[in-house]
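Single-letter residue listing:
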Amino acid sequence: TNITAQPGNIILKQSGGAYLNGTYISSAINIRADSDKLNFTYIRWASNLPSGTNITLKTRTASSSVDLSSADWSSYYTNNLQSLITSTNNQFIQFIANLTTTNNTKTPVLQEVNISYEISTPSLLEDYTYENWIDLDDYFEDLDTEDTLTFNNSAVSNLIIAIDPNDHTVRLSF
């Protein structure tokens, strides 16, 4: 790849004073959800594109991080504001960014990538309490221990949602 990482940004690498086209492949991203409960929705990215530069992305998914290397890439996503993810729903996802320039004195800058997904709504029984319905720690992780993750909820009037403050499990009651 012909990519250089800056704090928070991906840019093209210079060779002999000129920027060369290049690609960046992300590490495996573990969504931590079963594929039958998962629905990938959109991929978005923030970038700085000087005249003559461009960024496109592709995704691929697999049921394990090891299987990603043999998975097929999607077609290119070209709308950075919101492109529908066409890869199959699997627990692991990866993206590849293709950075190009027609002016070897300028580089595109990839600043952020956002992958959106939904967890399927299960069929629930009325007048029943679901203990430990979902563990939020399976979906959210605080890598920077100086911060604190907090969870809030809201529901329709006949549904009670409770989040245990210690283990972050969710209880649903109808």
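Residue numbers here run from 1 along each chain, matching the order of that chain's written sequence. Local features in this predicted model are restricted to residues whose pLDDT is 70 or higher, and side-chain atom pairs enter the listing and the counts only when it is 80 or higher, whereas totals over whole chains, interfaces and linings include all residues. Processing note: side-chain calculations cover all non-hydrogen atoms of the structure and skip hydrogens and water entirely.

Asks: Explain the overall build of the chain to me, using residue names and the numbers behind them.
Replies: Put simply, DSSP marks the helices as runs of H or I at least four residues long and the strands as runs of E at least two long, and each gets a number from the N terminus on. Check the secondary structure of the chain and you find 0 helices and 14 strands. Counted from the first residue to the last, the chain has its helices and strands arranged as β-β-β-β-β-β-β-β-β-β-β-β-β-β. With 174 residues in all, the chain has 33% of them scored as buried. Throughout, a residue-residue contact means that at least one pair of heavy atoms, one from each residue, lies within 4.5 Å. For the chain, the share of sequence-separated contacts (at least 6 apart) that also reach a separation of at least 24 residues comes to 68%. Entry remark: accessible area of the chain is about 10,700 Å², with carbon and sulfur atoms responsible for 45%. Burial status follows relative accessibility: with a 1.4 Å probe on protein chains alone, a residue under 20% of its type maximum counts as buried, one over 50% as exposed, and anything between as partly exposed. Here, Shrake-Rupley sampling with a 1.4 Å probe gives the accessible areas, and only protein chains in the shown set may cover a residue.

Asks: Can you lay out the pairing of strand 10 (residues 92–101) for me, pointing to particular residues and giving the numbers?
Replies: A large share of strand 10 lies buried, amounting to 9 of its 10 residues. Looking at chain direction, strand 5 (residues 22–25) and strand 10 are connected through 4 bridges and run antiparallel. Its bridge partner being in strand 10, tyrosine 24 is matched across the sheet by alanine 97. In the sheet, strand 6 (residues 29–30) pairs with strand 10 via 2 bridges, with the strands oriented antiparallel. Bridge assignment links isoleucine 29 to a residue of strand 10, and that residue is isoleucine 93. Two strands qualify as a pair provided DSSP detects at least 2 bridges between them. Relative to strand 10, strand 8 (residues 53–62) runs antiparallel, the two sharing 10 bridges. Within the sheet, the bridge partner assigned to lysine 58 lies in strand 10 and is isoleucine 96.

Asks: Provide a residue-level description of the environment of tyrosine 77, including the pertinent values.
Replies: In this fold, tyrosine 77 is placed in the loop between strand 8 and strand 9 (83–84). Judged by relative accessible area, which is 4%, tyrosine 77 ranks as buried. Placed 22 residues apart in sequence, tyrosine 77 and isoleucine 55 show a C-alpha to C-alpha distance of 9.2 Å. Not counting residues within four places of it along the chain, the set of residues in contact with tyrosine 77 comprises Ile43, Trp45, Thr56, Leu57, Lys58, Thr59, Ser83, Leu84, Ile85, Thr86 and Ser87. N or O atoms closer than or at 3.5 Å make up a polar contact, with two conditions inside protein: a donor-capable atom paired with an acceptor-capable one, and, for residues adjacent in sequence, both atoms drawn from side chains. There is a polar contact of 2.7 Å between the side chain of tyrosine 77 and the side chain of threonine 59.

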